[in-house]
Amino acid sequence: MTAHPLFDISGRTALVTGSSRGIGLALARGLAEAGCTVVLNGRDEDRLAEAAAELPGGTVHTAAFDVTDGPSVADGIADVEERVGPLDILVNNAGMQLRAPLLEFTDSDWHRILDTNLTSAFLVGREAARRMTERGHGKIINICSLQSEVVRPGIAPYAATKGALKMLTKGMCADWGPSGVQVNGLGPGYIETELTQPLVEDEEFGAWVRRRTPAGRWGRTRDLVGGVLFLASPAADFVSGQVLYVDGGMTSVL
Ligand code: NAP
């Protein structure tokens, strides 16, 4: 039994940034299971090789480069296209969190989180889109957050990056849509990963997440796969500039 042909993305080539672990690795696994050739990215080559060995099939590649550094991104994308082939799908997933009261937040941490969560999507997105627009097709999915919409104390800089990433998504849609490239966001709610480990380990916070989430639980990385497969597929050819929140309902309720 096969899925509807509108959801068929087998044979496409996908790059997922920040996919040596966590959400990125789960998304890469989902794309590989859907028949894509997948390129894993992160800064640590050994970790990438370990992650690649976990994924199914012989169509997994790795590309170690720092998504915050313009020249490394330009070289990295050129190398991926030469070695693996033209990119059909880009998932801008690399990101970080720094939790601190805003009055204590340092200049260097501000620039670090902005570079990692926002500038990276601009740099990698622009480099991939230069090629996708030329070819007249492509799908870019920016991993936003429920914090693209709402915030709580101690994470203002993170929310600022994710709010801006939502608007960058809309701007990319405006600029690149006429050339056949669809750009959308996926906004995870609270998902158990290394990034949220301190929160998962905090019993009070965990209970708050479960109470606040209509689904009554933390999200799992696997919960995000269906949304990305949809946004990467021909089923989403007329969907652009949207953010799909996959948060168990959290952004919808008070
Ligand atoms: P994670 O477990 O900390 O993984 C982050 C990944 O990004 C790693 O593979 C890391 O590899 C890579 N990375 C970080 N900086 C990089 C850089 N400069 N260049 C290349 N790769 C880099 O994070 P996660 O929880 O899976 O989160 C993934 C994305 O989802 C982030 O954008 C995050 O904001 C978003 N998100 C997460 C949640 C959640 O609940 N977890 C909720 C909403 C949104 P290296 O360190 O080896 O480079």
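Look up: the structure comes first, before these words.
What this report covers is the structure whose coordinates are included nearby. (Residues numbered from 1 in each chain as written. Predicted model: local features only at pLDDT ≥ 70, side-chain atom pairs only at ≥ 80, totals over all residues. Heavy atoms only, no water.)

### Considering the packing of helix α1 (residues 22-33) against helix α8 (residues 225-232)
Selection criterion: Every axis corresponds to a line fitted to the C-alpha atoms, with the helix fit spanning only the stretch in contact, and the corresponding angles, defined between N-to-C directions, vary from 0 to 180 degrees. A run of DSSP states H or I qualifies as a helix once it reaches four residues; a run of E qualifies as a strand once it reaches two. Both are numbered from the N-terminal end. Put simply, angles under 35 degrees are roughly parallel, angles over 145 are roughly antiparallel, angles from 65 to 115 are roughly perpendicular, and the rest are oblique. Handedness of each helix crossing follows the sense of rotation of the near helix against the far helix: counterclockwise by less than a right angle gives left-handed, clockwise gives right-handed. Any pair of residues with heavy atoms lying within 4.5 Å of one another is described as a contacting pair. Only Asp, Glu, Lys and Arg are considered charged in this grouping, and only Ala, Val, Leu, Ile, Met, Phe, Trp, Tyr, Cys and Pro are considered nonpolar; every other residue, Gly among them, is considered polar.
Closest axis-to-axis distance for the α1/α8 pair is 9 Å, and the angle between their directions is 55 degrees. Relative to α8, the element α1 lies oblique. The interaxial crossing formed by α1 with α8 has right-handed handedness. Contacts between α1 and α8 involve A26, L27, G30 and L31 from the former and V225, V228, L229 and A232 from the latter. Class assignment for the residues of the contact of α1 with α8 results in seven nonpolar, one polar and no charged.

### Observations regarding the side chain of S145
So the rule is basically this: Two N or O atoms count as a polar contact when they lie within 3.5 Å, although within protein this holds only if one can serve as hydrogen donor and the other as acceptor, and sequence-adjacent residues are included solely when both atoms are side-chain atoms.
By the element assignment, S145 lies in the loop between β5 (138-143) and α5 (156-176). Here Q147 takes part through its backbone nitrogen, which lies 2.8 Å from a polar atom of the side chain of S145. Setting aside its immediate chain neighbours within four residues, S145 contacts Y158, K162, L186, G187, P188 and Y245.

### Remarks on the site of the ligand
The following threshold applies: Whether a residue is near a molecule or strand depends on its heavy atoms: if one lies within 4 Å, it is near. Accessible surface is estimated by sampling points in the Shrake-Rupley manner with a 1.4 Å probe; for residues, cover comes only from the protein chains shown. The definitions used throughout rest on a 1 Å grid laid over the protein atoms alone, on which a cavity is an enclosed set of points accommodating a 1.4 Å probe that cannot get out and a pocket is an open set flanked by protein within 12 Å on both sides along at least five of seven lines; lining residues are those having an atom within 4 Å of a point. Molecule-in-pocket calls rest on the fraction of atoms, with more than half required to lie within 2 Å of the cavity or pocket grid points.
Among the 31 residues in the neighbourhood of the ligand, the closest are listed as S20, R43, N93, Y158 and T193. Side-chain polar atom of S20 to an oxygen atom of the ligand: 2.7 Å apart, as the coordinates give it. Protein chains shield 95% of the accessible area of the ligand, which is 890 Å² for the free molecule. When atoms are counted within 2 Å of each cavity's grid points, the one that captures over half of the ligand is the largest pocket. Those elements that provide at least two residues to the shell around the ligand are α1, β2 (37-42) and α5.

### Side note on the layout of surface pockets
Which entries qualify depends on this criterion: Grid points are joined across faces, edges and corners, and a volume is the space filled by probe spheres set on the points.
Taken as a whole, the largest pocket holds about 920 Å³ of empty space. Taken together, 42 residues line the largest pocket, and the ones lying closest to its centre are N93, A94, G95, M96 and L195. Where the lining of the largest pocket is concerned, the elements lending two or more residues are α1, β2, α4 (107-135) and α5.

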